[in-house]
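# Overview (structure and organization)
Single-letter residue listing:
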Amino acid sequence: MKTSRTAAVTLLSALLIAFGFNQLLIPHKMISGGVSGITMIAGYATGLNIGWLYFILNIPILLWGWRELGLRFVGWSLVSVAATTLFLQLVPQRALVSDIMLGAVFGGVIVGFGSGLALRSGSSSGGFDVVAAIVTRRRDISIGMLIFVMNGSVIGALGLMTKDWDVALFSLLSIFTSGKIIDLIHINHVKMTVFIVTSQTEAMRAALIPLYRGVTVIRTRGGYTNEEKDMLMTVTTRYELTELRKIIASTDPKAFVNIVETVAVLGEFRKPTV
């Protein structure tokens, strides 16, 4: 069931990315950044098929990702890249909108939504997404903004090649929009601290342990009732927060829970799977 869902989401993300490329970005000679941006520049300069260039240039990056991120992630990423290549051949390459601003913004939204779906399902759309996934596994930073920073050199290359900085800057707007959408969907890097005041300490602690997150038990006393209880503190990701809330509700429905967003975590913290 999970494999079927991942496959469906991966194919949907590939279709969205191909649609964003062929209907909103490529007709206006814009680029999406990353490896796809490099292939677009090469395609504009040589007239070669952008879809096949996209596939070929992703192969060495996927091999690197296989070594760093494991077979499952790279296997699904390969499916995504292959499906995107196929959809790039099938989706008509014509302008959905005549305004380049609309093309940049909505192209970024659609490509970012597709890339974010792929990352959230446990794969990626290849290219700089794989590079960013490797880096963010070692550094606790935003994957969308990292992709945006890496794309700066690609934008510079487009501007220098075409001498049309209007198109280059509209491409930058599209990439920025795409990065923000990715961050809205792929939220593994956002950390949340959860404080749970409960009278079911052992049951709650036992229920939280399988999440593989550290749990600290702090003795507390109510300021109003003067009643002593335990407070359990744990740090998780926003992506895993839904599961944590279900566990708390089923273990002690009367527990008082305070959830706050964490600015940074120092020391040991298990990185979520990509």
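As a starting point, this report considers the structure included with it. (Residues numbered from 1 in each chain as written. Predicted model: local features only at pLDDT ≥ 70, side-chain atom pairs only at ≥ 80, totals over all residues. Heavy atoms only, no water.)

### So, the packing of helix 8 (residues 152-162) against helix 9 (residues 165-185)
So the rule is basically this: What counts as an axis is a line fitted to C-alpha atoms, over the stretch in contact for a helix, and the angles between N-to-C directions run from 0 to 180 degrees. Every helix listed is a DSSP run of H or I at least four residues long, and every strand listed is a run of E at least two residues long, numbered separately from the N terminus. Angle categories: roughly parallel below 35 degrees, roughly antiparallel above 145, roughly perpendicular from 65 to 115, and oblique for all the rest. Two helices cross in a left-handed way if the nearer one is turned anticlockwise from the farther one by less than a right angle. They cross in a right-handed way if the turn is clockwise. By the convention used here, residues are in contact when the closest approach between their heavy atoms is within 4.5 Å. Note on residue classes: Ala, Val, Leu, Ile, Met, Phe, Trp, Tyr, Cys and Pro are nonpolar, Asp, Glu, Lys and Arg are charged, and everything else, Gly too, is polar.
One way to put it is that helix 8 packs onto helix 9 with a least axis distance of 8 Å and a crossing angle of 160°. Here helix 8 is positioned roughly antiparallel relative to helix 9, judged by the angle of their axes. Along this stretch, helix 8 crosses helix 9, giving a crossing that reads as right-handed. Between helix 8 and helix 9, the contacting residues are Ile155, Gly156, Leu158, Gly159 and Leu160 on the first element and Trp165, Val167, Ala168, Ser171, Leu172 and Ile175 on the second. Taken together, the residues that form the contact of helix 8 with helix 9 break down as 8 nonpolar, 3 polar and no charged.

### Digging into unusual backbone geometry
Phi at Lys29 is positive, roughly 60°, even though this residue is not glycine. Tracing the chain through its elements places Lys29 in the loop between helix 1 (2-25) and helix 2 (34-46). Phi at Asn226 takes a positive value of approximately 65°, unusual for a residue other than glycine. With respect to the secondary-structure elements, Asn226 resides in the loop between strand 2 (215-221) and strand 3 (228-237).

### Considerations on the pattern of salt bridges
What counts, and what does not: Each reported salt bridge corresponds to a side-chain nitrogen of Lys or Arg within 4 Å of a carboxyl oxygen of Asp or Glu. Each residue's exposure class comes from its accessible area (1.4 Å probe, protein chains only) as a fraction of the maximum for that residue type: buried when under 20%, exposed when over 50%, partly exposed otherwise.
Under the definition given, this model contains 3 salt bridges. Note that Glu202 and Arg205 form a salt bridge whose closest N and O atoms lie 3.1 Å from each other. Of the two residues, Glu202 and Arg205 are both situated in helix 10 (residues 201-208); the distance of 3 residues between them amounts to about one turn of the helix. Its salt-bridge partner being Asp230, residue Arg219 comes within 2.9 Å of it at the nearest N-O pair. Linking Arg219 in strand 2 with Asp230 in strand 3, this pair joins segments that are 11 residues apart in sequence. Overall, the relative accessible area of 14% leaves Asp230 in the buried class.

### A short note on the nonpolar core
Nonpolar side chains tend to gather and get buried jointly when the protein is soluble and globular. Heads up, the condition is: We define the nonpolar core as a collection of buried residues of types Ala, Val, Leu, Ile, Met, Phe, Trp, Tyr and Cys that are connected through side-chain atoms lying within 4.5 Å of one another.
Counting residues in each nonpolar core, the largest one holds 23 residues, and the members touching the most others are Phe21, Ile31, Met40 and Leu158. Those elements that place two or more of their residues in this core are helix 1, helix 2, helix 4 (71-90), helix 5 (100-120), helix 8 and helix 9. A per-element tally of this core places helix 1 first, with 5 residues. Met40 has contacts with Phe21, Ile26, Met30, Ile31, Ser32 and Ile50, leaving out every residue within four places of it along the chain. Among the nonpolar cores identified, the runner-up in size contains 11 residues, and Leu244, Ile247, Ile248 and Ala255 belong to it.

### Looking at the sheet that holds strand 3
Operational definition: Two strands form a pair only when DSSP identifies at least two bridges running between them.
One open sheet accounts for 4 strands, arranged 2-3-1-4; its pairing is antiparallel. Across the chains shown, the open sheet's two edge strands, defined by having one partner strand only, are strand 2 and strand 4 (256-262). When strand polarity is set aside, the average angle formed by the axes of neighbouring strands in this sheet is 20°. Bridging between strand 1 (residues 191-198) and strand 3 involves 8 bridges; their strand directions are antiparallel. Note that in strand 3 the partner of Thr193 across the bridge is Val235. Relative to the sheet, helix 10 contacts strand 1, strand 2 and strand 3, its axis offset from that of strand 3 by approximately 10°.

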